[in-house]
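Report on the structure
So you can see what is in the structure, the chains are spelled out below.
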Amino acid sequence: MSAPATLPRWADAALLPVVCLAIALLASGGVVALVGQNPTQVLVALIDGAFGSARGLSYTLYYATSFIFTGLAVAVAFHAGLFNIGGEGQATLGGLGAALVALWLGPVLPGWAMLPLMLLSGMLFGMVWAAVPGYLQAYRGSHVVITTIMFNFLASSLLVYLLVNQLRAHGNVAIESAAFAASAHLWSAREILAFAAVDWPGSPLNVSLLLALACAVAVYFFLWHSLSGYRLRAVGSSPGAAAYAGIDPRRQVVQAMAISGALAAMVGMNEVAGVSGKLVLEFVAGAGFTGIAVALMGRNHPLGIVLASILFGALFQGGAEVAFEVPGFSRDMVVMLQGFVVLFSGAMSYVLAAPLARVLRAVAPEAAHG
Amino acid sequence: MDELMLASVLGSGVRLATPLVLCALAGLLSERSGVVDIGLEGKMLFAAFAAGAAGAATGSTALALVAAMGVAVMLSWLHGLACVSYPGDQVVSGVAINIIAAGLTVVLGIAWFGQGGQTPALPVEVRIQAHWESAVQAIAPLPWLGPVIGQALLGHNLLVYVAYALVPVVWFLLYRTRFGLRLRAVGENPHMVEVAGVSVRRLRYAALGLNGLLCGLAGSYLVLAQSASFSPHMTAGRGFMALAALIFGRWMPWPTLWACLLFGLLDAVAMRLQGLELPGVGTVPVQAIQALPYLLTVVLLAGFVGRAVAPAALGKPLD
Amino acid sequence: MAGVHKRFGDVRANVDVHLTVAQGTLHGLIGENGAGKSTLMSVLYGLHPADSGSIAVFGQTVRIAHADDAIGCGIGMVHQHFMLVDTLSALENVMLGAEPHWYLPQAAAPVRQRLQELMESTGLRVPLDSAVADLSVGDRQRLEILKALYRGARILILDEPTAVLTPQEAEQLFTVLRQLRAQGSTVILITHKLKEVMALCDQVTVMRAGRVVADMPVHQASVEGLAQAMVGRKVQLERPDLSAPAPQQASPVLQASGLEMRDAAGVLRLCGIDLQLHAGEIVGIAGVSGNGQSELLDVLSGLAAPDAGALQVLGKRFAAGTWLDPFSARDIGLAHVPEDRHARALVMDFPAWESAVLGYESLMQYCRRGWMRAGAMRRATEAMMERFDVRPRKATLASRKFSGGNQQKLVLARELGQNPRVLLVGQPTRGVDIGAIEFIYGQLRAMREAGCAVLVVSSELDEILALSDRVLVMYHGRITGNLAIAECSQERLGLLMAGAGV
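Criteria and thresholds
- Residues numbered from 1 in each chain as written.
- Chains lettered and ligands numbered in written order.
- Predicted model: local features only at pLDDT ≥ 70, side-chain atom pairs only at ≥ 80, totals over all residues.
- Helix = DSSP H or I, 4+ residues; strand = E, 2+ residues; numbered from the N terminus.
- Buried ≥ 20, exposed ≤ 12 C-beta atoms within 10 Å, placed from the backbone.
- Contact = placed C-beta atoms within 7 Å.
- Nonpolar A, V, L, I, M, F, W, Y, C, P; charged D, E, K, R; others polar.
- pLDDT = per-residue confidence, 0-100.
- Pairing = 2+ DSSP bridges.
- Axes fitted to C-alpha atoms, helices over the stretch in contact; angles between N-to-C directions.
- Parallel < 35°, antiparallel > 145°, perpendicular 65-115°, else oblique.
- Left-handed = near helix turned anticlockwise from the far one by under 90°.
- Core = buried A, V, L, I, M, F, W, Y, C linked by C-beta atoms within 7 Å.

**Remarks on the overall build of chain C**
- Of the regular secondary structure elements, chain C holds 17 helices and 22 strands.
- Classification of the 502 residues of chain C by burial places 49% in the buried group.
- When contacts within chain C are restricted to residue pairs at least 6 apart in sequence, long-range pairs at least 24 apart make up 68% of them.

**Looking at the interface of chain A and chain B**
- Contact with chain A, which involves 39 residues of that partner, is made by 38 residues of chain B.
- Of all the secondary structure elements, the ones that give two or more residues to the side of chain A that touches chain B are helix H5 (111-140), helix H6 (144-166), helix H13 (287-297), helix H15 (332-347) and helix H16 (349-363) of chain A.
- Looking at the side of chain A that touches chain B residue by residue, the classes come out as 26 nonpolar, 11 polar and 2 charged.

**Some details on the confidence of the model for chain C**
Residues and elements named next belong to chain C.
- The share of residues in chain C with pLDDT of 70 or more is 89%, and the mean pLDDT across the chain is 82.
- Scored below 50 in pLDDT, residues 1-6 shows 21 contacts in the model against residues more than four places distant or in partner chains.
- Model confidence for the complex: the whole-complex pTM is 0.80, and ipTM, which rates the interface, is 0.79.

**Overview of unusual backbone geometry**
- At the junction of Arg-391 of chain C and Pro-392 of chain C, the peptide bond is cis and its omega measures out at -5 degrees in the coordinates.
- Turning to its location among the elements, Pro-392 of chain C is positioned in the loop between helix H13 (374-387) and helix H14 (404-416).
- Even without being glycine, Asn-300 of chain A reaches a positive phi, approximately 60 degrees.
- As for its placement among the helices and strands, Asn-300 of chain A is situated in the loop between H13 and helix H14 (302-325).
- Positive phi outside glycine occurs at His-233 of chain B, with the angle close to 60 degrees.
- If you trace the backbone, His-233 of chain B turns up in the loop between helix H10 (200-226) and helix H11 (238-248).
- On the neighbour-count criterion, His-233 of chain B (14 C-beta atoms within 10 Å) is partly exposed.

**Overview of the sheet that holds strand E11 (residues 254-262) of chain C**
Residues and elements named next belong to chain C.
- Taking strand neighbours across the sheet as the criterion, the 4 strands line up as E12-E11-E14-E15 in an open arrangement whose pairing is antiparallel. The outermost strands of the open sheet, each flanked by one partner alone, are strand E12 (268-277) and strand E15 (316-319). Recorded for the sheet is a direction-independent mean angle of 10 degrees between the axes of neighbouring strands.
- Judged from the 5 bridges that link them, E11 and strand E14 (residues 308-313) form a sheet pairing that is antiparallel. Its bridge partner being in E14, Ser-257 is matched across the sheet by Ala-310.
- Along the sheet, helix H9 (residues 293-301) makes contact with E11 and E12, crossing E12 at roughly 60 degrees.

**Quick word on the environment of Phe-316 of chain A**
Residue and element names in this part refer to chain A.
- Mapped onto the secondary structure, Phe-316 falls in helix H14.
- With 28 C-beta atoms counted inside 10 Å, the residue Phe-316 sits in the buried group.
- Not counting chain neighbours up to four residues away, the residues in contact with Phe-316 comprise Tyr-63 and Val-334.

**Focus on the interface of chain C and chain B**
- Across the boundary between the two partners, chain C contributes 18 residues, which contact 17 residues of chain B.
- Elements that contribute at least two residues to the side of chain C that touches chain B include exactly helix H2 (67-73) and helix H4 (104-122) of chain C.
- Here the residues of the side of chain C that touches chain B are counted per class, giving 12 nonpolar, 2 polar and 4 charged.

**Quick notes on the packing of helix H2 (residues 40-58) of chain B against helix H3 (residues 61-85) of chain B**
Residue and element names in this part refer to chain B.
- Relative to each other, H2 and H3 sit at 150 degrees, their axes nearing to 7 Å. Regarding the angle of H2 to H3, the classification is roughly antiparallel. With respect to the hand of their crossing, H2 and H3 are arranged in right-handed fashion. Packed against H2, whose contacting residues are Gly-42, Lys-43, Phe-46, Ala-47, Ala-50, Ala-51, Ala-54, Gly-55 and Thr-58, the element H3 presents Thr-61, Leu-63, Ala-64, Leu-65, Ala-67, Ala-68, Val-71, Ala-72, Leu-75 and Ser-76 at the interface.
- Of the residues in the contact of H2 with H3, the class split is 13 nonpolar, 5 polar and 1 charged.

**With respect to the nonpolar core**
- Judged by nonpolar contacts, the single largest core of 404 residues is most densely connected at Leu-72 of chain A together with Ala-47, Ala-51 and Ala-245 of chain B.
- Per-element accounting of this core gives the leading share, 16 residues, to helix H3 (residues 54-79) of chain A.
- Setting aside residues no more than four positions away along its own chain, Ala-51 of chain B makes contact with Ala-64, Leu-65, Ala-67, Ala-68, Gly-219, Ser-220, Val-223 and Leu-224 of chain B.

**Focus on the pairing of strand E8 (residues 186-191) of chain C**
All names here are of chain C.
- Within E8, 6 of the 6 residues are buried, leaving the element largely enclosed by the surrounding structure.
- Covered by surrounding structure in E8 are Thr-186, Ile-188 and Ile-190 together with Val-187, Leu-189 and Thr-191, the residues of both alternating faces.
- Bridge analysis of strand E3 (residues 26-30) against E8 gives 5 bridges, and the strand direction is parallel. Its bridge partner lying in E8, His-27 is registered against Ile-188.
- Pairing between strand E7 (residues 155-159) and E8: 5 bridges, direction parallel. Along E8, the bridge assignment pairs Ile-157 with Ile-188.

Below is the structure:
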């Protein structure tokens, strides 16, 4: 997904994404203006809503947490040469896995045993949900993009079925599971900071943020410092060279998808264990797709992904605030911006790269080389 | 089985399959030319919005249709810009179109009509009506056949008939015309076509243009015939089902039609099966039936139901 | 009519090429791979524009920017890799791009009629309604020729037409070509097979390294002369001593017997190969690219498994069902420097220090319990770069940023650095500058002195002569010659390479 070699490396890594974001913002700003809003006013309100208060910041980081998970998932798959659009489904299964363990063992086990079990269960579910399309791609040649989209739908159907028929608490009209026992809850930011005698407003932000950051670090080390990661990247970058080295591309594909699925599944911990305390229908809420935008913007590098996730978290949170203050604005504008980001960073990067290279050469000829 | 029930299931199956047929035909043309089209969902959605908005604003059915088709064609050509004129990734582009459509339709909807993204209900004159109502009444008294044929075949609106009529039209286009021959060739071996002196780019853009027109019709159907207005995310994955039907139908018009009808019938049956007991299985969960098309697609792709051979050059940018 | 004139003055792939082809003749265009013949014809057919120069067809200067223009001038081309759509019928393939009517059944009738006429007059027969996927290779080629003729080609270019044909089919083709000549068509035959040229053509042009080096009527040429012109003389890198003692006849370190392999299309690529390598010798495999050398290297290194045959290497046996794989190959001490540097030897996007361990990444020195030892890898890379003088000495630079010579030196450093007992090398100096070539040769010789068994595959005859103790020649998947270096000469090897000695 990177621009052709005419752009020097620093420009490809740092400048092009910024340019793509800028153009996406411009396009969105254009739409905003079209519908009669003031783009700058919207932008200011957005930034204020996202970072201007402790509560806003919490929400921003809470959203960012899920995006970090799904962004990392997409990135790991990209490094192996695969496009994993199944983040939604894998995250759904992850939440399901965590919830099943919580409902089953929650009343019995204490927190320090519960939470790791939930995490493992969620990861396992997500892993399987991604590994099956991975296997089908590697060994049967079925295009992973189509199979993961199908699996997304299958996941949501499965969730609906289970919630409606099996897991719904008795007498409950709402489509959700019974509430988990207290041991199955992740601490919220408020609770943790209360220990340090800091008064922090309530919000969905919880410990999973630390888990997400830990995952980002882990993915970094995995991809660039481990033997498996080396082999994964080799397969994704040059299947011929990997074959020459004796690396089996099929195994690497399945492994990469499995890891990807496990990462996406952790959204379940954030939403189900950290926020809701029970399994609800739409807990993933599009995080899988945002993960694609985040990965593209972050150039598939964990650091970039964390930054991009915070950016998108800010957009979501700021967007919600703006929706209160500015009439006629809705969260869907952020969705639209996301789409523009995917379009410009992902598909149209070639269209943008050539003029950008020309501009660079004209403006800073020395910097434009190598 | 109760003949009225059968009739209504068949009829509803046919109607539910209509947007699928249109979208699948659109995807067929694009993918046969070698361009992957994941964006069917987004194009249909945006076209539906355009139809709803234009219909509400102008009160004219014709303008609504034109708006819908125009918007979809523009999106298709945008896809072409990224993937045909430049070697952009076709899948990413399609996904981007879906996301943009999902967001932009709601944004514009709220801005222009304010009802939480929904367009105003279209008055009866703008919507497309059932044809041949009188014929349906006339046959109704016939035992068994009457309601079945009446409801299943004759009671539909014009767009339904147009959609099904388009299947042989696309077949004819693909297999009996010069354009179709070149299109099929371009999806298999674009180099060969280039070397024979025909422009691959122009062919693909033409295919994408037709793709847009058909997606436009699909979207219009949703708003002009099925419901009366646009509501956010109303396509609900139908674009992907159409894609699944296309693969299930091995990229050929008639098998794709049967696949769409199958999916439509499954959808119609799902609603009626709720709560029904099947011997040996117990209550069939409605979600299982809803999930069936997707499951079938995966099984097909995995090669268990014979190999689905895609056009050879599908997804590869022309260098 | 006046003779057909074409003149090009190109750079790079074709350097200042002048070519004149007389009408109604069979003109041979010969040269080794990379000599520039295919490029030249691509320019003529409009697939690539010439950087400079002019083309005149039938006496008129023309501009050919697109295949369309070439077809319009009456030029038709049959490519080495067939340009056919497998799922369409033969008739449809011919029709494509020149359909007389938009309604296909109506268009098909006149096309069919014209094709029947063409088939009568040329003797080329193809079942018109079969899908191309069902046609034999010979049929497909006939179809390609018919396609070109249907579009009105008066000048027909054929690119290595007999590469995929059996001898019988080749004979049939020649009959057709003579027939076409008799009817006044002009044929340009691109090939590296001298016997064909001598048997078939009226005039022959030899190209080497992008230039025309010879151009003469065939009756004035000889196979030996053509062979010499084709392989030519480059910088003579002297052997240190031609009278080196013959290596001791210890038991072979590598012994392959009866290797046979068909490729995915079913064409036989290796046929009854028997091969022996001894410690402390360099064996060179000479031959024009495409005669099975790549497949042989793939089989010996474990990248591909043959359909039949056995291999005994460094004490281990392998038979067709349970063949070697690259991982175990390295394990037993077999190293491989691949022909294709870009797609195999290095991961171009990896920095040098990661490419420098490709294939050996799981070794203790580079990896401990699943974690890569970046420091050790970097130090090892720097040492490699130092020993092999790889420039720039930046281990963090992306592999694709190094020049061809430096990339090759890095690959060699990697493979030689593992002290292998058997070394397989494909095209060691392709795309490498002169200074690096000398260095690489020195390294290979040093390996031999150290007792390694080295197999070198190269399409550069000079290279084979400079390096080898023994020379094998491959032609059409067989070994056609096995000579000690003292018995070799340019001419003799050139003949064997071109199949003349068979």
